[in-house]
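Residue-level structure breakdown
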Amino acid sequence: MVGELRARDWQQSGGLRERENLDGVIGEAHAILKQRGWSVSAQYGIAEDGKTSAITLTATDLACMEGTGWE
């Protein structure tokens, strides 16, 4: 998902944070991308059963968040 957003000129803010589980498999990942006054938080995680996973995207209009301390 992050690669697709970057291919569409979204700029990654900071690095990609990843956490591996005990088996060396990436169990969680988080990236923030920005473009034209918007920020997208992309999160990936594997459920505790190890069989299911989810990608969550949260978009924020940065102008609406000014003065809140959120970035």
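Before reading on, note that the structure itself is shown above.
This text gives an overview of the structure that appears in the document.

Definitions and cut-offs
Residues numbered from 1 in each chain as written. Predicted model: local features only at pLDDT ≥ 70, side-chain atom pairs only at ≥ 80, totals over all residues. Heavy atoms only, no water. Core = buried A, V, L, I, M, F, W, Y, C linked by side-chain atoms within 4.5 Å. Buried < 20%, exposed > 50% of the residue type's maximum accessible area, 1.4 Å probe, protein only. Helix = DSSP H or I, 4+ residues; strand = E, 2+ residues; numbered from the N terminus. Contact = heavy atoms within 4.5 Å. Patch = residues over 30% accessible without salt bridge, like charges linked within 9 Å, V, L, I, M, F, W, Y side chains within 5 Å. Areas by Shrake-Rupley, 256 points an atom, 1.4 Å probe, with all protein chains shown as cover. Salt bridge = Lys/Arg side-chain N within 4 Å of Asp/Glu carboxyl O. Pairing = 2+ DSSP bridges.

**Focus: the nonpolar core**
Of all hydrophobic cores here, the largest spans seven residues; its members are Val-2, Leu-5, Trp-10, Ala-31, Leu-33, Val-40 and Ala-42. At the level of secondary structure, the elements contributing two or more residues to this core comprise α1 (2-7), β2 (26-35) and β3 (38-46). Beyond its immediate stretch of four places on either side in the chain, Ala-42 contacts Val-2, Ala-29, His-30, Ala-31, Thr-56 and Leu-57.

**Some details on a nonpolar patch on the surface**
A surface patch of nonpolar side chains, about 430 Å² in accessible area, is lined by Met-1, Ile-26, Tyr-44, Ile-55 and Leu-57. With respect to the helices, strands and loops of the structure, Ile-55 is situated in strand β4 (residues 53-61).

**Structural notes on unusual backbone geometry**
Both trends apply: most residues other than glycine have a negative phi, and most peptide bonds are in trans. In this structure, Asp-9 takes a positive phi of about 70 degrees despite not being glycine. With respect to the helices and strands, the residue Asp-9 is situated in the loop between α1 and β1 (11-20). Backbone geometry at Arg-36 places phi at a positive 45 degrees, although glycine is not the residue there. Tracing the chain through its elements places Arg-36 in the loop between β2 and β3.

**Quick look at the pairing of β3**
Across eight bridges, β2 lies against β3 in antiparallel orientation. Bridge pairing in β3 links Leu-33 to Val-40. By the bridge criterion, nine bridges tie β3 to β4 in an arrangement that is antiparallel. Each residue of the ladder has a partner; that of Trp-38, found in β4, is Asp-61. The hairpin formed by β3 and β4 contains six residues between the paired strands, and Gly-50 there has a positive phi angle of roughly 75 degrees.

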